[in-house]
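Take a look at the letters that make up each chain.
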Amino acid sequence: VQLQASGGGLVQPGGSLRLSCATSVRTYRTYAMAWFRQAPGKEREFVSVVRQSGASTLYADSVKGRFTIFRDNAKNMVYLQMNSLNPEDTAVYYCAAAQNWVVGAMRSQNNYDYWGQGTLVTVSS
């Protein structure tokens, strides 16, 4: 299974970016898809996850109301729309896939089976 994240770049505070993650897995629709991020000098943290059907989502408190995760199962794609970006959002963003939706565990990296290579988002003026 391959996950390919893209869409990162340099953006000014208050700006927007949309990240994309393409996957090669045939059974994409059976995976929950998530975004994590790792800022310089910090541990990787959960950002958001969308359930297999797309009907349920979770967000980290730090991005709630600013970021939106959504998926296109016809294209095997998952997206992260990021608005009102601030310098604290600067990080490498990773997409990840989980075979199982485990209540209470979707914010944990340990629940994910596959990871993409990451795309760098820099928020700076």
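Heads up: the structure comes first, above all this text.
All of these numbers come straight from a predicted model, not from anything done at the bench. (Residues numbered from 1 in each chain as written. Predicted model: local features only at pLDDT ≥ 70, side-chain atom pairs only at ≥ 80, totals over all residues. Heavy atoms only, no water.)

Enquirer: So what exactly am I meant to see when it comes to the sheet that holds strand β1 (residues 3–6) here?
Expert: In a beta sheet, neighbouring strands are held together by backbone hydrogen bonds and run either parallel or antiparallel to one another. Ordered in space as β1-β3-β8-β7, the four strands form an open sheet in which the pairing is antiparallel. Unpaired on one side and paired on the other, β1 and β7 (67–72) mark the two borders of the sheet. Taken over all neighbouring pairs, the strand axes of this sheet differ in orientation by 15° on average, direction set aside. (Pairing = 2+ DSSP bridges. Helix = DSSP H or I, 4+ residues; strand = E, 2+ residues; numbered from the N terminus. Axes fitted to C-alpha atoms, helices over the stretch in contact; angles between N-to-C directions.)

Enquirer: Hey, could you run me through the pairing of strand β4 (residues 32–38) in this one?
Expert: When a strand is regular, its side chains alternate between the sheet's two faces. Along β4, six of the seven residues are buried, which leaves the element largely enclosed by surrounding structure. Pairing analysis gives five bridges linking β4 to strand β5 (residues 45–50), with the strands arranged antiparallel. When the bridges of β5 are listed, tryptophan 35 appears paired with serine 48. Between β4 and β5, which follow one another and run antiparallel, lie six residues, and glycine 41 among them has a positive phi close to 75°. (Buried < 20%, exposed > 50% of the residue type's maximum accessible area, 1.4 Å probe, protein only.)

Enquirer: Please clarify how the environment of lysine 75 should be interpreted in this entry.
Expert: Relative to the assigned elements, lysine 75 resides in the loop between β7 and β8 (77–82). On the basis of relative accessibility, which here comes to 58%, the residue lysine 75 falls in the exposed class. C-alpha of lysine 75 to C-alpha of arginine 107: the two residues are 32 residues apart in sequence and 25 Å apart in space.

Enquirer: Just checking my understanding: could you explain the packing of aromatic side chains for this structure?
Expert: The geometry of an aromatic ring pair is captured by two quantities: the separation of the ring centres and the angle between the planes. For the structure shown, the criterion picks out six aromatic pairs. Measuring from ring centre to ring centre gives 5.0 Å for phenylalanine 70 and tyrosine 79, while their planes differ by 25°; the resulting arrangement is stacked. Taking relative accessible area as the criterion, tyrosine 79 reaches 14% and is therefore assigned buried. Three or more aromatic residues joined by ring pairs make a cluster, and in this case those are Phe36, Phe46, Tyr112 and Trp115. In this arrangement the basic side chain of arginine 44 is found over the ring face of tryptophan 115, its NZ or CZ atom lying 3.9 Å from the centre. (Phe/Tyr/Trp six-rings, centres within 6.5 Å; stacked < 30°, edge-to-face > 60°. Lys NZ or Arg CZ within 6 Å of the ring centre and 35° of its normal.)

Read these as geometric descriptors, not functional statements.
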